[in-house]
Amino acid sequence: MNRKSLLNKFLANECSAEEAKLVFSWLNEDPKLLDDLLSEDDWVSYINQENKSRRGGDNLLKIITVFLLFGFLFILSNLFTTSTDTPGLLTNIVNEIYYNPSAKPKEIIAADNSLLTLEPGALIRLCIKPNLDFRRVKLLKGRAHFKVSKDPSKPFIVESGTLMTTALGTAFSVDYQTEADHVLIRLFEGKVRVDYLEPSISAAKILKPGQQIYFSGTSKMVLSDFRGAIKPRAKQNVPAQILLSSVEKPYRNPATIHQSSNWLQLEETSVSEIIQYINHELDVPISYDSLIVKNYRIKGRFSKNPTMDLQDKTDLAASILQLIAEVNPFILEKQHNTYILKPKK
């Protein structure tokens, strides 16, 4: 059976479990295959119906077909969930798919209470569950705003094309235009780290509020300011829930952490406080169990460069985490830009 035949079989709800799993892997690799499932006229009909909800007509069958498709996707997402032994990977199994076909923004409350706002035409895949090492969102197309629920133990990752944006608790937007392979990331609150998904490419950038990154498939990431700060006119394109007036409390090193331009000294410092230091000062995300790490402490001295770039910070963070894993019952792993600290079994 060729691909198109199987896609048609999937649309007719006639696939076996293995066939449906294969279709999901195709959709994960190439979201544009959705265009093979439904014609442009079907999508237009659905969107028109959303805008004219009280109006009946000949397009009812097509509208029902669209709902059946996404209902089927949601049901299968619960049938093919990842194992808890797979540490937070975005596998080929779809967990939850959300699409906004209307002309107005659509709000979604994730399992961790993060607020996601989908602009018209946006399509995302959600993988946020308590038993995973990461909170992950894959933006398949369009623009979405994120108000991330603060949880320093579970990094929040948004994949958009070849880029990944990592936050711990912040407000930002990602606009991914698949046709042109353009990505625009804007930060409104907190701090995010933007990396390439390909681990061999080390060109990460850190965004501060009022900054943005533009990327196209034929160029490098370009960091710039957007209007310097969030001004009243800028609010027109940002949901009200995303624009916060409160200012986060500045981070202060605990009394057990001492440093100069050339060294870092830890004096019986709790692992929790060390992880906070790494998150805030070294810009390296870490996934860990907050209830377990608080019971352990370490001490040590580390050398560092007077002027540290992001690679120097990552190297220093790796040295500290390796020491934590050596002297405590932990295992250290790494996936893309994030370190995972797990207890030994």
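Cut-offs applied
- Residues numbered from 1 in each chain as written.
- Predicted model: local features only at pLDDT ≥ 70, side-chain atom pairs only at ≥ 80, totals over all residues.
- Heavy atoms only, no water.
- Pairing = 2+ DSSP bridges.
- Helix = DSSP H or I, 4+ residues; strand = E, 2+ residues; numbered from the N terminus.
- Axes fitted to C-alpha atoms, helices over the stretch in contact; angles between N-to-C directions.
- Contact = heavy atoms within 4.5 Å.
- Salt bridge = Lys/Arg side-chain N within 4 Å of Asp/Glu carboxyl O.
- Buried < 20%, exposed > 50% of the residue type's maximum accessible area, 1.4 Å probe, protein only.

**Q** With reference to specific residues and values, describe the sheet that holds strand E15 (residues 263-270).
**A** Within the open sheet, the 3 strands sit side by side as E14-E15-E17. Their pairing is antiparallel. Where the open sheet ends on each side, the last strands, each with one partner, are strand E14 (257-259) and strand E17 (297-303). Neighbouring strand axes in the sheet, compared pairwise and without regard to direction, differ in orientation by 5 degrees on average. Bridging between E15 and E17 involves 6 bridges; their strand directions are antiparallel. Residue pairing across strands places leucine 266 opposite glycine 300, the latter belonging to E17. Along the sheet face, helix H6 (residues 271-281) touches E14, E15 and E17 and points at about 145 degrees away from the line of E15.

**Q** Give a detailed account of the pattern of salt bridges, specifying residues and quantitative values.
**A** Scanning the entire structure with this criterion turns up 7 salt bridges. Where aspartate 133 meets lysine 342, a salt bridge forms, and the shortest distance between an N and an O atom there is 3.3 Å. Residue aspartate 133 is found in the loop between strand E4 (123-127) and strand E5 (135-147), and its partner lysine 342 is found in strand E19 (residues 338-343); the two are separated by 209 residues along the sequence. Assessed through its relative accessible area of 22%, lysine 342 is described here as partly exposed. A salt bridge links lysine 313 to aspartate 283, with the nearest nitrogen and oxygen atoms 3.4 Å apart. With lysine 313 in helix H8 (residues 310-327) and aspartate 283 in the loop between H6 and strand E16 (286-287), the pair connects residues that are 30 residues apart, well separated along the chain. By relative accessible area, which is 9% here, aspartate 283 ends up buried. Several salt bridges converge on common partners, so that one network encompasses Lys191, Asp283 and Lys313.

**Q** Tell me about the sheet that holds strand E18 (residues 330-335), residues and numbers included.
**A** By way of backbone hydrogen bonds, the strands of a sheet pair with one another, either parallel or antiparallel. One open sheet accounts for 3 strands, arranged E16-E19-E18; its pairing is mixed. Both edges of this open sheet fall to E16 and E18, since each of them pairs with a single strand only. Relative to E19, E16 runs parallel, the two sharing 2 bridges. Paired with isoleucine 286 across the strands is tyrosine 339, a residue of E19. Against the sheet, H8 engages E16, E18 and E19, with an angle of about 150 degrees to E18.

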